[in-house]
Amino acid sequence: MGATAVIGLQWGDEAKGKIVDLLTKEHDIVVRYQGGANAGHTVVFDGQKFKLSLIPSGIFRHNVQSVIANGVVIDPASILGEIESLTSRGVAIDTNLMISDRAHVIFPWHKEEDRLMNDMGVGKEAIGTTMRGIGPCYRDKIGRSSAIRFGDLFRSDLKEKIEKIAAIKNRSLPGLAPNAEAAAQVKVMDAGEIYRQYAEYAEKLRPFVADVTGYLLDAVDAGKKILFEGAQGALLDIDYGTFPYVTSSNSSGVGISAGSGVPARYIDRLIGIVKAYTTRVGGGPFPTELDNEIGQKIRDRGNEYGTVTKRPRRCGWFDAVAARYTARLSGVTEISLMLLDVLSTFDEISICTAYEIDGKTTTHFPANAEDLRRVKPVLETHPGWSEDITRISRYADLPENAKKYVARISEVIGKPISMVSVGPSREQTIAVE
Ligand code: GDP
Ligand code: IMO
Ligand code: MG
């Protein structure tokens, strides 16, 4: 048997963390392979709630190896904080965590650049990033000359590298400010202080850093079961998402190989995660957005506030045009439909099955964000259900209208739905017969 992947098919926060946690017991290794501390994955069990940003959601099972692979960008302060917080709550973190020596390191200049660039905006509105320095770190990775990888933290020329890069950033950062007054407020990068701090972080993280690529290739040869944990969602993918209102990595299924070194042919189960409706945090087009009391009701019932930034999430109906596109793009073999309980008590529930643009009806997902901004969703309306479904454990016991809704979602995406989630905890998960 090959590897399994869990991929968000919308704009993130589809409840990937819950499904990864559930599937961990059937795997030997759980791998994060892109993104960074922009992710916020929630895991709930035994009445406890954990929020993970960089550490894989498999960490709660000590006999499973948690791996942060080369494609992730890591803020050392952030991961140390996460390790400390988990440890203080009784989660053992030792040899069960590995960090790739090829993963790129986030520095203070990346966060400062994120702040300055986001204020600048792109096109009609700001991207609204999580301000974790993600985009600037990936930019430096691709640019090569100002990048530092985890393995570099232990080399003798680290101080020299930090001095060189800090000098470049002290020249370039003020140039990103909109005026002289703002330029004067830009943080000065103190190379000596940053070196001292990062050398300290490196010592604390040294036990976890390893050649993860070699480890994973050996694991594949040994027939170990690997679970890949996607971060963000496919509509935030740098190539295939709603560019430029996206994140800076390949967050759809296409990113797994580049971000981990494991060839795509070893992955034979790809689970696409969708909410029963749609949410988005930050800027960018959102055809089914409900900027009204229905959207507010979804936000209230679903507690739709960002895990990382606490921003209210924008809410809307399920967009099947977008989900069908991302399910095909990611090579999804099955779907997990999450947060179905949030839709209880609505008289009617809509699904967007096509877009209208320039007088034509289409199921094609446009490449250009401004075109997507112009589409009008074609909505199909379904009768809702009033029952609380959070305690239901058998698919057959769901209200008829809920089952019809699930079946229709599967049909419009064009993939089977294998699991339905009716609450945050492990036991609130229903296998679809
Ligand atoms: P992720 O980033 O994809 O892991 O998702 P988040 O953790 O950011 O957001 C999902 C939120 O929904 C979390 O607060 C979960 O605890 C919660 N959640 C997960 N599944 C369900 C569900 O079926 N119903 C409800 N009501 N909440 C859920
Ligand atoms: P998880 O893994 C939802 C969004 C940000 C912003 C855009 C770019 O929890 O699903 P970035 O900081 O990555 O440069 O921000 O992407 N974004 C997310 N939205 N869930 C996430 O992660 C996200 N990670 C980034 O809100 O619009
Ligand atoms: Mg999240």
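Presented here is an overview of the structure given in this document.

Cut-offs used in this document
- Residues numbered from 1 in each chain as written.
- Chains lettered and ligands numbered in written order.
- Predicted model: local features only at pLDDT ≥ 70, side-chain atom pairs only at ≥ 80, totals over all residues.
- Heavy atoms only, no water.
- Helix = DSSP H or I, 4+ residues; strand = E, 2+ residues; numbered from the N terminus.
- Rg over C-alpha atoms; globule rule 2.2 N^0.38 Å.
- Buried < 20%, exposed > 50% of the residue type's maximum accessible area, 1.4 Å probe, protein only.
- Lys, Arg positive; Asp, Glu negative; His and termini not counted.
- Charge placed at Lys NZ, Arg CZ, Asp CG, Glu CD.
- Pairing = 2+ DSSP bridges.
- Salt bridge = Lys/Arg side-chain N within 4 Å of Asp/Glu carboxyl O.
- Phe/Tyr/Trp six-rings, centres within 6.5 Å; stacked < 30°, edge-to-face > 60°.
- Contact = heavy atoms within 4.5 Å.
- Axes fitted to C-alpha atoms, helices over the stretch in contact; angles between N-to-C directions.
- Near = heavy atom within 4 Å.
- Polar contact = N/O pair within 3.5 Å; in protein donor to acceptor, adjacent residues only side chain to side chain.
- Areas by Shrake-Rupley, 256 points an atom, 1.4 Å probe, with all protein chains shown as cover.
- Nonpolar A, V, L, I, M, F, W, Y, C, P; charged D, E, K, R; others polar.
- Donors = N, O, S within 2.8 Å, 3.2 Å for Na, K, Ca; no water.
- Core = buried A, V, L, I, M, F, W, Y, C linked by side-chain atoms within 4.5 Å.
- Parallel < 35°, antiparallel > 145°, perpendicular 65-115°, else oblique.
- Left-handed = near helix turned anticlockwise from the far one by under 90°.
- Expected span 1.5 Å × (residues − 1).
- Arc of directions from axis to C-beta.

### A closer look at the overall build of the chain
Line of reasoning, step 1. Across its full length, the chain holds 13 helices and 20 strands.
Line of reasoning, step 2. Here the C-alpha radius of gyration of the chain, 22 Å, is about what a compact globule of 433 residues would show, namely 22 Å.
Line of reasoning, step 3. Its C-alpha atoms put the chain at 65 × 55 × 40 Å along the principal axes.
Line of reasoning, step 4. Relative to its full complement of 433 residues, the chain shows a buried share of 56%.
Line of reasoning, step 5. Each charge sign in the chain was given a centre, from 53 positive and 55 negative side chains, and these centres are 1 Å apart.

### Considerations on the pairing of strand E19 (residues 417-421)
Line of reasoning, step 1. Within E19, four of the five residues are buried, leaving the element largely enclosed by the surrounding structure.
Line of reasoning, step 2. Taken together, the three bridges between strand E15 (residues 334-338) and E19 define a ladder with parallel strand orientation. Residue Ser336 lies in a different strand from E19, and its bridge partner there is Met419.
Line of reasoning, step 3. Two elements, E19 and strand E20 (residues 429-431), share three bridges in a ladder whose sense is antiparallel.

### A look at the pattern of salt bridges
Line of reasoning, step 1. Using the criterion set out here, one finds 27 salt bridges in the structure.
Line of reasoning, step 2. For Lys16, the salt bridge goes to Glu14, with nearest N and O atoms at 2.8 Å.
Line of reasoning, step 3. Lys16 sits in the buried class, given a relative accessible area of 3%.
Line of reasoning, step 4. By relative accessible area, Glu14 is classed as buried at 0%.
Line of reasoning, step 5. For Glu411, the salt bridge goes to Arg408, with nearest N and O atoms at 2.5 Å.

### Points about the packing of aromatic side chains
Line of reasoning, step 1. Under the counting rule described, the total for this entry stands at twelve aromatic pairs.
Line of reasoning, step 2. Summarising the aromatic geometry, the rings of Trp317 and Phe346 are spaced 6.2 Å apart at their centres and angled 70° between planes, so their arrangement reads as edge-to-face. Of the two residues, Trp317 sits in the loop between strand E13 (314-316) and strand E14 (318-319) while Phe346 sits in the loop between E15 and strand E16 (348-357), which places them 29 residues apart along the sequence.
Line of reasoning, step 3. Given the relative accessible area of 6%, Trp317 is considered buried.
Line of reasoning, step 4. Judged by relative accessible area, Phe346 falls into the buried class, the value being 6%.

### A short note on the sheet that holds E20
Line of reasoning, step 1. As summarised here, the arrangement of the ten strands in space is E9-E7-E5-E2-E10-E1-E11-E15-E19-E20, forming an open sheet in which the pairing is mixed. Two strands in the sheet have a free side with no partner beyond their single neighbour: strand E9 (209-210) and E20.
Line of reasoning, step 2. The sheet contact formed by strand E1 (residues 3-8) and strand E10 (residues 226-229) spans three bridges and is parallel. Residue pairing in the sheet places Val6 in a bridge with Glu229 of E10.
Line of reasoning, step 3. Sitting on the sheet, helix H1 (residues 16-24) touches E1, strand E2 (29-32), E10, strand E11 (267-275), E15, E19 and E20, and the angle it makes with E1 is about 165°.

### Points about the site of ligand 2
Line of reasoning, step 1. Close to ligand 2 lie 20 residues; Asp13, Lys16, His41, Thr130 and Thr247 are nearest.
Line of reasoning, step 2. Here an oxygen atom of ligand 2 and a backbone polar atom of Gly40 are 2.9 Å apart.
Line of reasoning, step 3. Interatomic distance of 2.6 Å between a side-chain N/O atom of Thr130 and an oxygen atom of ligand 2.
Line of reasoning, step 4. Burial of ligand 2 by the protein chains amounts to 98% of its free accessible area of 550 Å².
Line of reasoning, step 5. The residue makeup of the shell around ligand 2, split by class, is seven nonpolar, ten polar and three charged.

### Things to note about the coordination of the magnesium ion (ligand 3)
Line of reasoning, step 1. The protein atoms that coordinate the magnesium ion (ligand 3) are Asp13 (OD) and Gly40 (O), at distances spanning 2.0 to 2.2 Å. Taken together, the residues Asp13 in the loop between E1 and H1 and Gly40 in the loop between E2 and strand E3 (41-45) connect sequence positions 27 residues apart.

### Here we look at the nonpolar core
Line of reasoning, step 1. Ranked by internal contacts, the top residues of the largest apolar core, which has 68 residues, are Phe228, Leu340 and Tyr405.
Line of reasoning, step 2. Apart from residues no more than four positions distant in its own chain, Tyr405 is found in contact with Ala276, Phe318, Leu340, Leu343, Ile349, Ser350, Ile351 and Trp385.
Line of reasoning, step 3. Grouped together as the second largest cluster of nonpolar side chains are 44 residues, Phe50, Val91, Leu158 and Tyr198 included.

### Quick notes on the environment of Leu398
Line of reasoning, step 1. Within the secondary structure, Leu398 sits in the loop between strand E18 (376-383) and helix H13 (400-413).
Line of reasoning, step 2. Separated by 390 residues in the primary sequence, Leu398 and Gly8 place their C-alpha atoms 24 Å from one another.
Line of reasoning, step 3. With sequence-adjacent residues up to four places away left out, Leu398 is seen in contact with Leu340, Ile389, Ile392, Lys403 and Ile430.

### Thoughts on the packing of helix H2 (residues 76-88) against helix H7 (residues 191-205)
A pair of packed helices is captured by two measures, namely the crossing angle of their axes and the spacing between those axes.
Line of reasoning, step 1. With their axes 10 Å apart at the nearest point, H2 and H7 run at an angle of 40° to one another. Classified by the interaxial angle, the pair formed by H2 and H7 is oblique. For the element pair H2 and H7, the recorded crossing hand is left-handed. Contact residues: Pro76, Ala77, Ile79, Leu80 and Ile83 in H2; Tyr198, Tyr201, Lys204 and Leu205 in H7.
Line of reasoning, step 2. In terms of residue class, the contact of H2 with H7 is built from eight nonpolar, no polar and one charged.

### Considering helix H5 (residues 158-172)
Line of reasoning, step 1. With 15 residues, H5 should cover 21 Å at 1.5 Å per step; its first-to-last C-alpha distance of 21 Å lies within 8% of that length.
Line of reasoning, step 2. For H5, the set of buried residues is Leu158, Ile162, Ile165, Ala166 and Lys169. Projected onto a plane normal to the axis of H5, the buried residues spread over an arc of 105° and lie on a single side. Residues of H5 that are exposed and angled more than 90 degrees away from the buried face: Glu160 and Arg171.
Line of reasoning, step 3. Buried residues along H5 sit against helix H3 (108-120), helix H4 (134-143) and H7.

Scope: geometric values only; no functional claims are made or implied.
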